[in-house]
Amino acid sequence: MRPKTPKAISKINFGRNPLNSQNLNKKKEDVLYRIANKLENIVSDFNSKSDINKVIKQLKSIVLNIYKFIDEKNSQKEIDIINIKTINKEENNNENLSSKAILNQNIISNTINNNNTTNNNNTNDNINNNEIVTKTEIYKSGNKYEGEFKNGKKDGKGTMTYKNGYIYIGEWKNGYKHGKGVYINSKSQDKFEGEFKNGKADGKGQALYNNGDKYEGDYKNWKKEGKGIYYYNNGDKYEGDFIDDQIEGNGVYYYKNGNKYQGEFKNGKPNGFGCYYYLCGSKKDDKYEGKVHNWNKEGKGIYYFKNGDRYEGDFMNDVKEGSGVYYYQNGDREIGDYLNDAKTGKHVLIDKSGKVVEKNY
């Protein structure tokens, strides 16, 4: 019995897009068309021939080729999809990496630039800091500075005009008056010229006062301290020690008339032990050696007269007062009390031969 003839197979239309093959290459399209044409020929032979086994074998071969083609295509498509995903992923990763790299590069660049900028700035700052610039600054206090700056601070030479009328002209360091300068009271016209340290008169200096007095010598923290000479407007002069802005210690006071005191000073005046030298007037060539208090002979002392006499004893308020011995140049001596530079009470006179004579005053 002949096998039932299968229903005729109509022409299969593979068309141009049987597998959505728009993107297939030309070679694969030609293979697909050849398979289709062969299948058509087999179908024609199947309709005209009775050798069904041959036809089935041929159909199996074609179907296997079609499956193979489809598998290859799908595999390629999957590979392409994978590749696309991989590429996209890699591109994304690369983009991310690129972004990170760019970010890192930016960070590095910025860091380098910042470092360079910092270094440049530091260099510039160092240059700027080391560079001395000249400008004017007016402060809220009303003070005004005109001069040189370094490191943002007054440094070099400059003039500060203070609201209270004082003016400083001279050297500055690290924001302070430092070095040599002149400090002027524009109201009184008192003036100091000399060395400054950390904003204060410190070192050697000279002060000129509006009354005509002048000081030359050592300063410490604005005060006369150390050795110095003070010139008075009346012609007197002191040369010696200063402590805490006043005469104190050992020194010599020269009077305009030629007299002088040499000895100890305290609180700006002769106090302690000292010598008065009289070089003019009625006391010319006289000398006093002994205790002194506030310019006056006071306490125990010796007064030498120019004729060779001398008095050894008590003094009060610059004159003989109290007990004492008066030695005459001829060798006699007189012992007794004195009141306001005059003899008083009982006195004993002993001549050079030893004879004793008593007198009452």
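Up top is the structure.
Rules used in this analysis
Numbers given to residues run from 1 along each chain, matching the order in which its sequence is written. At least 70 in pLDDT is required for a residue's local features to be given in this predicted model, at least 80 for side-chain atom pairs to be given and counted, and no such filter applies to totals for whole chains, interfaces and linings, which use all residues. Hydrogens are left out, water is left out, and the side-chain values use all remaining heavy atoms of the structure. Note on conventions: DSSP H or I runs of at least 4 residues are helices, E runs of at least 2 residues are strands, and numbering of each starts at the N terminus. Only heavy atoms matter for contacts: two residues are in contact if any of them lie within 4.5 Å across the pair. Note on areas: these come from Shrake-Rupley sampling with a 1.4 Å probe, and a residue is covered only by the protein chains present in the view. Exposed residues in this analysis have more than 50% of their type's maximum accessible area, buried residues have under 20%, and partly exposed residues fall in between, with area computed by a 1.4 Å probe over protein chains only. In protein, a polar contact requires one atom able to donate a hydrogen and another able to accept it; more generally it is a pair of N or O atoms within 3.5 Å, and residues adjacent in sequence count only if both atoms are side-chain atoms. Stacked, tilted and edge-to-face are the three classes applied to pairs of Phe, Tyr and Trp rings, where Trp contributes its six-membered ring and a pair requires centres within 6.5 Å; stacked means planes under 30 degrees apart, edge-to-face means over 60, and tilted covers the rest. Any Lys NZ or Arg CZ found within 6 Å of a ring centre and within 35 degrees of that ring's normal is scored as a charge over the ring. A pocket here means an open set of points on a 1 Å grid, computed over the protein atoms alone, that has protein on both sides within 12 Å along at least five of seven lines. A cavity is instead a set of points where a 1.4 Å probe fits but cannot get out; residues with an atom within 4 Å of a point line either one. Grid points are joined across faces, edges and corners, and a volume is the space filled by probe spheres set on the points. Amino acids are sorted into nonpolar (Ala, Val, Leu, Ile, Met, Phe, Trp, Tyr, Cys and Pro), charged (Asp, Glu, Lys and Arg) and polar (every other residue, Gly among them). DSSP calls a pair of strands paired once it identifies at least 2 bridges connecting them.

S.K.: What should I look at first to understand the overall build of the chain in this one?
M.R.: Counting its regular elements, the chain contains two helices and 20 strands. Partitioning the intrachain contacts of the chain with sequence separation of at least 6 by distance along the chain shows that 7% fall at a separation of at least 24. With an accessible surface of roughly 23500 Å², the chain has 49% of that area assigned to carbon and sulfur atoms.

S.K.: Which parts of the structure should I look at to understand the environment of Ser186?
M.R.: On the secondary structure map, Ser186 appears in the loop between strand 5 (176-185) and strand 6 (191-197). Using a relative accessible area of 33% as the deciding quantity, one classes Ser186 as partly exposed. Considered as a pair, Ser186 and Asn164 are 22 residues apart in the sequence and their alpha carbons are 9.0 Å apart. What Ser186 contacts, discounting residues up to four positions off in sequence, is Gly165 and Ile167. A polar atom in the side chain of Ser186 sits 2.4 Å from the backbone oxygen of Gly165.

S.K.: Where do I start with unusual backbone geometry in this structure?
M.R.: Peptide bonds are mostly trans, and most non-glycine residues show a negative phi. Look at Asn151: it is not a glycine, yet its phi comes out positive at around 60 degrees. Using a relative accessible area of 45% as the deciding quantity, one classes Asn151 as partly exposed. Despite not being glycine, Trp222 shows a phi value in the positive range, around 75 degrees. Note on placement: Trp222 falls in the loop between strand 8 (214-220) and strand 9 (223-231).

S.K.: Help me understand the packing of aromatic side chains, please; the structure alone is not making it clear to me.
M.R.: To describe a pair of aromatic rings, you give the distance between the ring centres and the angle between the ring planes. The final tally for this structure, using the stated rule, is 30 aromatic pairs. Ring plane angle 90 degrees and centroid distance 5.1 Å describe the contact between Tyr145 and Phe149, whose orientation is recorded as edge-to-face. Ring plane angle 50 degrees and centroid distance 4.7 Å describe the contact between Tyr230 and Tyr232, whose orientation is recorded as tilted. Its end group placed over the ring of Tyr168, Lys177 keeps NZ or CZ at 5.7 Å from the ring centre.

S.K.: Mind showing me how you'd approach the layout of surface pockets here?
M.R.: Summary: where empty space remains is shown by rolling a probe the size of a single water molecule over the atoms. Counted as a void, the largest pocket has a volume near 280 Å³. Taken together, 14 residues form the lining of the largest pocket, with Tyr183, Phe192, Ala207, Tyr209 and Trp222 sitting closest to its centre. When contributions to the lining of the largest pocket are tallied by element, the ones reaching two or more residues are strand 5, strand 6 and strand 7 (200-208). Looking at the lining of the largest pocket residue by residue, the class counts come to eight nonpolar, two polar and four charged.

S.K.: Hey, could you run me through the pairing of strand 19 (residues 342-350) in this one?
M.R.: Strand direction decides the pairing type here: strand 18 (residues 333-339) and strand 19, joined by six bridges, are antiparallel. When the bridges of strand 19 are listed, Leu339 appears paired with Ala342. Judged from the five bridges that link them, strand 19 and strand 20 (residues 356-360) form a sheet pairing that is antiparallel. Looking across to strand 20, one finds that Leu349 is bridged to Val357.

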